[in-house]
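Observations on the model geometry
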Amino acid sequence: MKFLASFYGSSIGKKWVVALTGLMLVGYVVGHLVGNLQIFAGPEQINQYAAMLHSMPKALWVIRAVLIAGLFLHVFTTLKLAAENKAAKARQNERRASTAPKPAKKTMVLSGLVLLSFIVYHLLHFTVRSTDPRFHSLPRGEHDVHTMVILGFQNPLVSGFYLLSVFLLCMHLSHGLQSVLQTLGINSKSLRDTLNKGGQTVSWILFAGYASIPVAVLLNKLTVVAP
Amino acid sequence: MKHLNLKVKVWRQKNASAEGGLVEYEARNIPEDASFLEMLDILNEQLQEKGEPAIAFDHDCREGICGMCSLSINGIPHGPSATTTCQLYMRHFKDGETIFIEPFRARAFPVLRDLMVDRSAFDRIQQAGGYITARTGSAQDANAILIPKPAADKAMEAAACIGCGACVAACPNGSAMLFVGAKATHLNTLPQGQPERNQRTLAMVRKMDAEGFGNCSNHYECEAVCPANIPLTVISQLNRDFVKAAVSESVQ
């Protein structure tokens, strides 16, 4: 306990908490995409996958609880760090210039907070299903994820907010992935460029994967299949 | 030799507790081969002739090795060249240009007067752990301790830090991680630094936090302005060493 308190009390300790929870959330983002992309394999495939997840409710709730706790720690610790950083630079010079500018770096807190609001909406939309009455009477029953997702994304507003959010997510990760490694002490002169480019490549592959689903729905490439 | 006439907007502040502000001056007839500090010397002479108080700024060796000169020039610590302010020459500026000259800014670096800031927080971090303990008396043979070449190179590169504080001034968070990373990596890489490695790392990081520096959020502005070319990998090394030291402290 004493160790945790003094670790979390230090600047580097807090950064490690943000990095480790960030890494866990990236793991979820990858896993979630693997699940989502099964929609292209037809209703049986993805609905079976959803039923499989729901067939082990205990494991599902443990994973959900760990993810929510991780997300809470990630956001709470970042906001604490950001407040400390603001205080450490209370007064700014009149003329400021950046020698290493990158929009992703400057907007980590902002992109994170927009994502947080997206996560709340996304859970209400597809998990709790409180925003769309059609999701309560799906043709193949409760686990008809295929129909639900396509009906959901046919609304351009829903798809638009989703695309914006996954774009922000991947922008967040394009700085976040190499930032996580740097904070965990995994960086060196010879690795640096590879880690940097690797992080960005992974981020934009994730974006392409996530964006492909609403885009396919809007272009009518993915349509509701009658049972 | 070409001469320049410049407008400079300089931060003037009577003392640590006074409110400061930018004041505009004309710096006339500045030789383009003058250093930035010599430009300020010339401007101060012109001010004193008019009976105005001279602008206070930090300087010492004027050779780029002592780390005493500072100044945020047009928003960039040490200005547009990759050296210290004393090694910056006026040929980098255009005739008629307006130059903003402000102090290195961070909560841990309070302004004492005009452009002078108190950087003694760095000294206190060094005193907390930036040393090795060695017995006094006759020195042992220089070759008695073998140092692998890569370790010697890495330590030497980190040891190049002159402690000027540009990293803190450039950091949007006022973080001192590049400085502390350099000082810790320097000794943590050498065999002589091993006995006190964990103790040093913990003490320096804790002192850094207590002095009111911000947290590193990997913007890397520090590395871009560092006149000694300290690489940001010293920060990842510090991140690694700190957690190792904290864990080993807790299980002792």
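For the structure itself, look to the data block above.
Let us look at the layout of surface pockets. Counted as a void, the second largest pocket has a volume near 350 Å³. Along the walls of the second largest pocket sit 17 residues, with Lys102, Lys105, Gln178 and Asn196 of chain A together with Tyr220 of chain B positioned nearest its centre. Those elements that provide at least two residues to the lining of the second largest pocket are helix 5 (103–106), helix 8 (156–183) and helix 9 (192–218) of chain A together with helix 7 (221–225) of chain B. Residue contributions to the lining of the second largest pocket peak at four residues, all from helix 9 of chain A.

All names here are of chain B. The mixed open sheet is built from five strands, whose spatial order is 2-1-5-3-4. Every other strand in the sheet has two partners, leaving strand 2 (21–31) and strand 4 (76–77) as the edge strands with one partner each. By the bridge criterion, two bridges tie strand 3 (residues 72–73) to strand 4 in an arrangement that is antiparallel. Bridging across to strand 4, Ser72 finds its partner in Pro77.

Pairs can form between side chains of opposite charge once their charged atoms are near each other. This structure, assessed with the given rule, holds 16 salt bridges over all chains. Linking Lys14 of chain A and Glu84 of chain A is a salt bridge whose minimum nitrogen-to-oxygen distance equals 3.5 Å. Placement of the pair is Lys14 of chain A in helix 2 (residues 11–36) and Glu84 of chain A in helix 4 (residues 57–88), with a sequence separation of 70 residues. Under the relative-accessibility criterion, Lys14 of chain A is labelled buried at 3%. Linking Arg197 of chain B and Asp241 of chain B is a salt bridge whose minimum nitrogen-to-oxygen distance equals 2.9 Å. On the criterion of sequence distance, the pair formed by Arg197 of chain B in helix 6 (residues 197–210) and Asp241 of chain B in helix 8 (residues 233–250) is long-range, its members being 44 residues apart. The class of Asp241 of chain B is buried, set by a relative accessible area of 3%.

All right, on to the environment of Ile39 of chain A then. Residue and element names in this part refer to chain A. In this structure, Ile39 sits in the loop between helix 2 and helix 3 (43–54). Distance from Ile39 to Ile150, taken between C-alpha atoms, is 9.3 Å for residues 111 residues apart in sequence. The contact partners of Ile39, leaving out residues within four places of it in the chain, are Ile46, His146, Val149, Ile150, Ile213 and Leu222.

Conventions we followed
Residues numbered from 1 in each chain as written. Chains lettered and ligands numbered in written order. Predicted model: local features only at pLDDT ≥ 70, side-chain atom pairs only at ≥ 80, totals over all residues. Heavy atoms only, no water. 1 Å grid on protein atoms, 1.4 Å probe; cavity = no way out; pocket = protein on both sides within 12 Å on 5 of 7 lines; lining within 4 Å. Points joined across faces, edges and corners; volume = space filled by probe spheres on them. Helix = DSSP H or I, 4+ residues; strand = E, 2+ residues; numbered from the N terminus. Pairing = 2+ DSSP bridges. Salt bridge = Lys/Arg side-chain N within 4 Å of Asp/Glu carboxyl O. Buried < 20%, exposed > 50% of the residue type's maximum accessible area, 1.4 Å probe, protein only. Contact = heavy atoms within 4.5 Å.

Geometric descriptors of this kind do not, in isolation, establish any biological role.
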